[in-house]
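# Topology and contacts: notes
Residue-level listing of the chains:
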Amino acid sequence: MTERRQLHLNLFIYPGGHHEAAWRYPDSEPERVLDIRYYQDLARSAEAAGFDAIFLADGPALADNVRYASRFRLEPFTWLAALAAATERIGLIATASTTYNEPYNLARLFASLDHLSKGRAGWNIVTTGAPQAAQNFGLEAHPVHAQRYDRAREFVDIVTKLWDSWEDGALVADQRTGVFADTDRIHTIDHEGRHLAVRGPLNTPRTPQGRPVYVQAGSSEDGRAFPAEYAEAVFTAQQTLAGAQEYYQDIKERAAARGRDPREVLVLPGISPFIGSTEAEARRLHQDFNELTQPEYSLQLLRRIVGLELDAEALDGPVPRKLIETQGERGNGSRFQLVLDIIDREQPTVRQLLHRLAGARGHRVVAGTPEQIADEIQRWFEQGAADGFNIMPPWLTGGFDLFAGHVVPILRERGLFRAEYTSTTLRDHYGLSRPASRYTRQNRPVKEHT
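Presented here is a report on the structure given in the accompanying data block.

Counted by the stated rule, this structure contains 36 salt bridges. The shortest N-O distance in the salt bridge between Arg-153 and Asp-222 comes to 3.9 Å. Note that Arg-153 is positioned in helix α4 (residues 145-164) and Asp-222 in helix α5 (residues 221-229), a separation of 69 residues in sequence. In this structure, the salt-bridge partner of Asp-387 is Lys-252, at a minimum N-O distance of 3.0 Å. Residue Asp-387 is located in the loop between α11 (370-382) and β13 (388-391), and its partner Lys-252 is located in helix α6 (residues 241-257); the two are separated by 135 residues in the primary sequence. Residue classification places Asp-387 among the buried positions, given a relative accessible area of 4%. Exposure remark for Lys-252: the relative accessible area of 12% places this residue in the buried category. When salt bridges that share partners are traced, they join Asp-157, Lys-161, Asp-164, Asp-168, Arg-206, Arg-434 and Arg-438 into one network.

A few words now on the pairing of strand β2 (residues 53-56). Neither face of β2 is exposed, since Ala-53 and Phe-55 on one face and Ile-54 and Leu-56 on the opposite face are all buried. Of the strand pairs in this sheet, strand β1 (residues 8-13) and β2 are connected by 4 bridges, and their pairing is parallel. Looking at β2, one finds that Leu-11 is bridged to Ile-54. Regarding topology, helix α1 (residues 36-48) serves as the crossover connection from β1 to the parallel β2, and that connection is right-handed.

What follows concerns the environment of Pro-273. Its location among the elements puts Pro-273 in strand β11 (residues 266-275). Taking the relative accessible area as the measure of exposure, Pro-273 reaches 3% and is therefore buried.

The next point concerns the packing of aromatic side chains. On inspection of all chains with the given rule, the structure shows 23 aromatic pairs. When the centroid spacing of 5.0 Å and the interplanar angle of 85° are considered together, the rings of Tyr-38 and Tyr-39 count as edge-to-face. Taking 4.7 Å as the distance between ring centres and 75° as the angle between the ring planes, the aromatic pair formed by Phe-77 and Phe-110 counts as edge-to-face. Of the two residues, Phe-77 is situated in helix α2 (residues 76-86) and Phe-110 in helix α3 (residues 103-116); the sequence distance between them amounts to 33 residues.

For helix α8 (residues 295-306), with 12 residues, the first-to-last C-alpha span of 16 Å sits near the 16 Å given by 1.5 Å per residue. When α8 is considered as a whole, its buried residues turn out to be Tyr-297, Ser-298, Leu-299, Leu-301, Leu-302, Ile-305 and Val-306. Those residues of α8 hidden inside the fold are in contact with α9 (334-346) and α10 (350-358). Backbone geometry just after α8 places Gly-307 at a positive phi near 85°.

Turning our attention to empty space enclosed by the protein. Under the counting rule described, the total for this entry stands at 4 cavities of 30 Å³ or more. There is about 100 Å³ of room inside the largest cavity. Lining the largest cavity are 16 residues; nearest its centre among them are Tyr-14, Gly-17, His-19, Glu-20 and Ser-70. The residue makeup of the lining of the largest cavity, split by class, is 8 nonpolar, 5 polar and 3 charged. In this structure, the second largest cavity spans a volume of roughly 80 Å³. Around the second largest cavity, the lining residues are Ile-13, Tyr-14, Pro-15, Tyr-39, Leu-56, Ala-57, Arg-73 and Leu-74. Residues belonging to the lining of the second largest cavity are distributed by class as follows: 7 nonpolar, no polar and 1 charged.

Let us now look at the layout of surface pockets. Its boundaries defined by the atoms lining it, the second largest pocket holds a volume of some 620 Å³. Along its surface, the second largest pocket is lined by 24 residues, and Arg-5, Gln-6, His-8, Tyr-430 and Gly-431 are the ones closest to its centre. Contributing elements (two or more residues each) for the lining of the second largest pocket: α6 and α13 (426-430). Residue contributions to the lining of the second largest pocket peak at 3 residues, all from α13. Within the lining of the second largest pocket, the residues separate by chemical class into 7 nonpolar, 6 polar and 11 charged.

Right, let's talk about the nonpolar core for a bit. Side chains that are nonpolar tend, in soluble globular proteins, to be buried together. Of all hydrophobic cores here, the largest spans 72 residues; its most connected members are Phe-51, Ile-54, Trp-123 and Phe-403. For this core, the element with the most residues is α4, which contributes 8 residues. Ignoring anything within four residues of it in the chain, the contact list for Ile-54 reads Leu-11, Ile-13, Ala-43, Ala-46, Leu-80, Leu-83, Ile-90, Gly-91, Leu-92 and Ile-93. Ala-57, Ile-93, Phe-235 and Val-365 belong to the second largest nonpolar core, which has 26 residues in total.

A few words on unusual backbone geometry. With omega at 0°, the peptide bond leading from Gly-200 into Pro-201 counts as cis. Its place among the elements puts Pro-201 in the loop between β8 (197-198) and β9 (213-217). Following Leu-396, the chain continues into Thr-397 via a peptide bond in cis, with omega recorded as 5°. Within the fold, Thr-397 resides in the loop between β13 and α12 (398-413). Unlike most non-glycine residues, Thr-128 shows phi in positive territory, near 70°. Despite not being glycine, Gln-347 has its phi angle at roughly 45°, a positive value. Mapped onto the elements, Gln-347 comes out in the loop between α9 and α10.

The rules we used
- Residues numbered from 1 in each chain as written.
- Predicted model: local features only at pLDDT ≥ 70, side-chain atom pairs only at ≥ 80, totals over all residues.
- Heavy atoms only, no water.
- Salt bridge = Lys/Arg side-chain N within 4 Å of Asp/Glu carboxyl O.
- Helix = DSSP H or I, 4+ residues; strand = E, 2+ residues; numbered from the N terminus.
- Buried < 20%, exposed > 50% of the residue type's maximum accessible area, 1.4 Å probe, protein only.
- Pairing = 2+ DSSP bridges.
- Right-handed = clockwise from strand over helix to strand, strands pointing away.
- Phe/Tyr/Trp six-rings, centres within 6.5 Å; stacked < 30°, edge-to-face > 60°.
- Expected span 1.5 Å × (residues − 1).
- Contact = heavy atoms within 4.5 Å.
- 1 Å grid on protein atoms, 1.4 Å probe; cavity = no way out; pocket = protein on both sides within 12 Å on 5 of 7 lines; lining within 4 Å.
- Points joined across faces, edges and corners; volume = space filled by probe spheres on them.
- Nonpolar A, V, L, I, M, F, W, Y, C, P; charged D, E, K, R; others polar.
- Core = buried A, V, L, I, M, F, W, Y, C linked by side-chain atoms within 4.5 Å.

Pasting the structure below:
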């Protein structure tokens, strides 16, 4: 009998919550966003709910609009190491840039996290879209979209080689013979490419997962081609079922065209749920959050995404679609296209558009009862739009507590989500195979050490 397909759920942790006004909501805890115990509590709650992973976003520059919202970033490796010590099963996904890191150091960081957590690390691969990051790294200008992706492909190839540079079995630690490592199974990678040169090998043995899970996000052409080639989980922002189905099918077909098993490329849209005992109560809760938004922040966000220069006097008028320039660097961004689609499809006022973006920066926001939220998740899951979801609570910790306490039990009753963990690594949670080192020679005889 074929085992029923199961949902994958991640908790996407954003300081304070995903609604831009979360920190102003009376039930939120903004005073705790720099307290590691706050994040450990969240991680333990997500683990108790059986979630596949927790996910931390990151970026190497301070956002321009931190005056009005919780927009700072915590360095994820330090934070996730502390969460690894507080948990046993849940995966730990960190964001790290291929534009503003070096492959060798990044390979070491993730290898260390995978060893520390006994096989629970995942790498959310980003190229960094924030142009202000360049000056933090001594660059005169931020590399353009195509250049960032070109470097990213080479970067991921190097990191993969480094993680493969120790074969399984290279660490011997044979006290009797005095052989600690089989150096025939440790390899230099001798990479010399267009952007980078790395000799290797890594100075850390092969990790429990073989290598951490590769995660990527993006809906532009590059943002689709790249995960089809490398990613094992794909994070995406989708507003409609039809749009999500098209993206899902496209990613799977692109992966198959590259000789990959489409089942090992998981598509995980973001969803931010407002939950109430009735639909009206949930909608009131959503409206309460929107009324806490600040136009100064929201207009600045709109300016950054689509380039519209508007002021508060424009809030109740239509979005001036004809003023949006679709050519150039900004037009390559997936979030740009998502916002443009909302404008074209819904023709909102500026205020309505700002409220649509306030909930989760373009990810899908739903308001309803636990049953309605579960219905929406099941519909997307069963109709070819998702393999699971990144849960993006509007505020923390209460928004997640409602989801874990009221929606997860319904998903379990319907046979859609695990009742308990059956594995210990993130790869196993996701149903992914453990990759072999590219340097392993098939049927190599075991070497005797005498």
